[in-house]
Amino acid sequence: MQTPESLNLPSFYANPDRNVAVLNYNEHFVTSIFDLVNSPELAGFVKLFLEEQRDRTPDAADPQTTFDLVTPDVYLATIKAVLTDRVDAFDRFKPAEILASIEDLYSYYRTYLRVATMTVTRNDVVTSEFMTIDQRFNDLVIRLYRTIEEKLQGHPNHVYRQVSAGSSACVLLRRLAWTMPHGYEVLKDIRFISRLMLRPPMMLHTKSNKRKGTFTATKVNPLVNFTGTEDDWFCYPAKIGESLAYLYFHRDYLASGLALANLFQLADSTEVAAHKPDLVLLFGTPGVASDTDPENGHYFYDSTNDIYVGQVPYNDQTTYFGYMKKMCLTLHNLHMIAQKRLPIHGSMMKITFANGQTKTVVFFGDSGAGKSESIEALQEVADDQIVSMETIFDDMGSFTLNGQDLYAQGTETGAFVRLDDLSSEVAFNNMDRGIYMNPEQKNARVIIPANTWPRVVAHHHIDMWVYANNYDDAVGIHRFDDQQTAKATFVAGKRKALGTTDEVGMSTTFFANPFGPVQEQAATQPIIDAVFDRLFADGVYVGEIYTHLGNDKSQDKLNESARELLAVLLAI
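Here is a short report on the structure shown in this document. These numbers come from a predicted model, not from an experiment.

The rules behind each value
Residues numbered from 1 in each chain as written. Predicted model: local features only at pLDDT ≥ 70, side-chain atom pairs only at ≥ 80, totals over all residues. Heavy atoms only, no water. Axes fitted to C-alpha atoms, helices over the stretch in contact; angles between N-to-C directions. Helix = DSSP H or I, 4+ residues; strand = E, 2+ residues; numbered from the N terminus. Parallel < 35°, antiparallel > 145°, perpendicular 65-115°, else oblique. Left-handed = near helix turned anticlockwise from the far one by under 90°. Contact = heavy atoms within 4.5 Å. Core = buried A, V, L, I, M, F, W, Y, C linked by side-chain atoms within 4.5 Å. Buried < 20%, exposed > 50% of the residue type's maximum accessible area, 1.4 Å probe, protein only. Polar contact = N/O pair within 3.5 Å; in protein donor to acceptor, adjacent residues only side chain to side chain. Nonpolar A, V, L, I, M, F, W, Y, C, P; charged D, E, K, R; others polar. Salt bridge = Lys/Arg side-chain N within 4 Å of Asp/Glu carboxyl O.

## Regarding the packing of helix H4 (residues 95-110) against helix H5 (residues 126-153)
Where H4 meets H5, the axes come as close as 9 Å, and the angle between the chain directions of the two elements is 160°. In this view, H4 runs roughly antiparallel relative to H5, as classed from their interaxial angle. Judged by the sense of rotation from one axis to the other, the crossing of H4 with H5 is left-handed. Facing H4, whose interface residues are Pro95, Ile98, Leu99, Ile102, Glu103, Tyr106 and Tyr109, H5 presents Phe137, Ile142, Tyr145, Ile148, Glu149, Leu152 and Gln153.

Below, the structure is given as structure tokens:
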């Protein structure tokens, strides 16, 4: 089936290939159902709908008597006739056939990620009322649908479902002047997201559901190939840990762009204006001819301006949110290494026990090693011995050695996790805030808020650091007696791949972190050495937990490992 071409009006953009739609309220805001039914936006979308319906309609269907085969003009004229109760409304088509098509049109529209935008030109009422404005549009769409539906079925509905009929999200945009070095002027017209309203739970579908390969350095600043405009690009200003990042993305990547809101703190306009970022990402722009693996992402260090610039190309593979998240973290980690901080691929939990003790434990390992599963198992076996578990970081953090003081910080305010990794209690408790990616597929993911930015970037003491070992048959946890064996295990980054990336079987990744340390091994190794020196000098528990995810996947054995972990945490 051939995908129809995108609809591109000043007030409405719809790309059926990516199932993304953008509404521009500044260009046109409808105020009544008759304004909506007569709008060029609806006419254009009905044309898209009918083009797709024709491919689903049997070849033997009669164009004269099949409502889904009429022209857009006839389709809309029929709807208007129904709305105005014209006596000839059903001369050609039966109410049941029209109703079935209207239901399909309504469902088809809601399969799109529909993002409403408003641009603030002055300090006007839009700033405080943008959510109210968007709700009016949603109310209008559902009122139009219900009016047509009830006229066609001949009676009021018995059950009403108050879905997000008009938009999935609403974005308030601003033009902000920031400290823009020479060569970055191509970005000056791109508007920044200053406020964002989501309508969760959001069920999003992308054309890819797995990340491949690693990001590599490029010799040329990706900005030389940037041709984006204010009409088709947005910028999400993020605080990734303590790094200020300007994340530019094409509108066809709005699924990933909006999901950032559940993962990274949105920087305030005052933090953007007149500030130079540490990181810049161009998501959906081509690389340069000399790049290795042009279908994947690349990074460039602009030494003149001390900015790390990332680039991810526009293709179907990069629609998977992992590309957005991991490129952001790669840029951040490169920045951390340059500051002599150690990027940590893992999860950090601050655990409060019923006896009044509080301990922080860091679970370390590459994707699929069993970090999340170990945390879930610990919660399951603890019963009432644990009062609370606070997530400091879910996927990436950093260790900083400041003189004799070693502390940890996080990067993300949310978590991007496999649905299969979550217990039913955690999954359902967070459902109403989640952004779900391809929930019906393997490697289905959800992005959920986890903590506040001030808590994430606070300086946290480290009580225990354990490597998630998913390949050995042992049960329990093991403390390393000597520093060199411990360091060798962590640096080797050994694991058995579970299909969360394109890797298979046993693999090794330098320091279990392909997002910065792999690219800068020589610069990372001295930081690793200094951190291990400090940990062992301070007597911090450094060990490994046997998760069994890579061999027999035994939940009983993982629970036994979690019980031993619990006992050690209470004892140290």
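After that view of the structure, there is still more to cover.
## A word on the nonpolar core
Grouped burial of nonpolar side chains is what soluble globular proteins tend to show. One finds Phe12, Ala14, Phe45, Tyr75, Ile79, Ile102 and Met118 to be the most contacted residues of the largest nonpolar core, which totals 52 residues. The element best represented in this core is H5, accounting for 11 residues. Among the nonpolar cores identified, the runner-up in size contains 48 residues, and Ala238, Leu258, Leu263 and Leu334 belong to it.

## As for helix H12 (residues 483-492)
When we look at burial in H12, the residues that qualify are Gln483, Ala486, Lys487, Thr489, Phe490 and Val491. In the core, the buried residues of H12 are packed alongside strand S16 (358-364), strand S23 (464-469), helix H13 (521-538) and strand S27 (541-546). N-capping of H12 is provided by aspartate 482, with a side-chain oxygen placed 3.3 Å from the backbone N of glutamine 484. Phi for glycine 493, located one or two positions after H12, is positive at around 60°.

## Side note on the packing of H12 against H13
Packing of H12 against H13 brings their axes to within 11 Å, and their N-to-C directions diverge by 135°. Classified by the interaxial angle, the pair formed by H12 and H13 is oblique. Along this stretch, H12 crosses H13, giving a crossing that reads as right-handed. Taken together, the residues of H13 that come into contact with H12 (itself represented by Gln483, Ala486, Lys487, Phe490 and Val491) are Gln525, Ile528, Asp529, Phe532, Asp533 and Phe536. Partitioned by chemical class, the residues of the contact of H12 with H13 number 6 nonpolar, 2 polar and 3 charged.

## Some points on the pattern of salt bridges
The full count for this structure, using the stated rule, is 22 salt bridges. Residue arginine 418 is joined to glutamate 373 by a salt bridge in which the shortest nitrogen-to-oxygen separation is 2.9 Å. One end of the pair, arginine 418, is in strand S20 (residues 414-418); the other, glutamate 373, is in helix H9 (residues 371-382), and 45 residues separate them in sequence. Judged by relative accessible area, arginine 418 falls into the buried class, the value being 13%. Put simply, Asp17, Arg18, Lys207 and Asp316 are held in one network by salt bridges that share partners.

## Here we look at the pairing of S20
Counting buried positions over the 5 residues of S20 gives 5, a clear majority of the element. Burial along S20 is two-sided: the residues Gly414, Phe416 and Arg418 and Ala415 and Val417 are all buried.

## Topic: the environment of alanine 21
As for its placement among the helices and strands, alanine 21 is situated in strand S3 (residues 20-24). Placed 509 residues apart in sequence, alanine 21 and alanine 530 show a C-alpha to C-alpha distance of 50 Å. When near neighbours in sequence (up to four residues on either side) are disregarded, alanine 21 contacts Phe12, Tyr13, Ala14, Tyr112, Leu113, Arg114 and Val115.

Geometry only, nothing functional implied.
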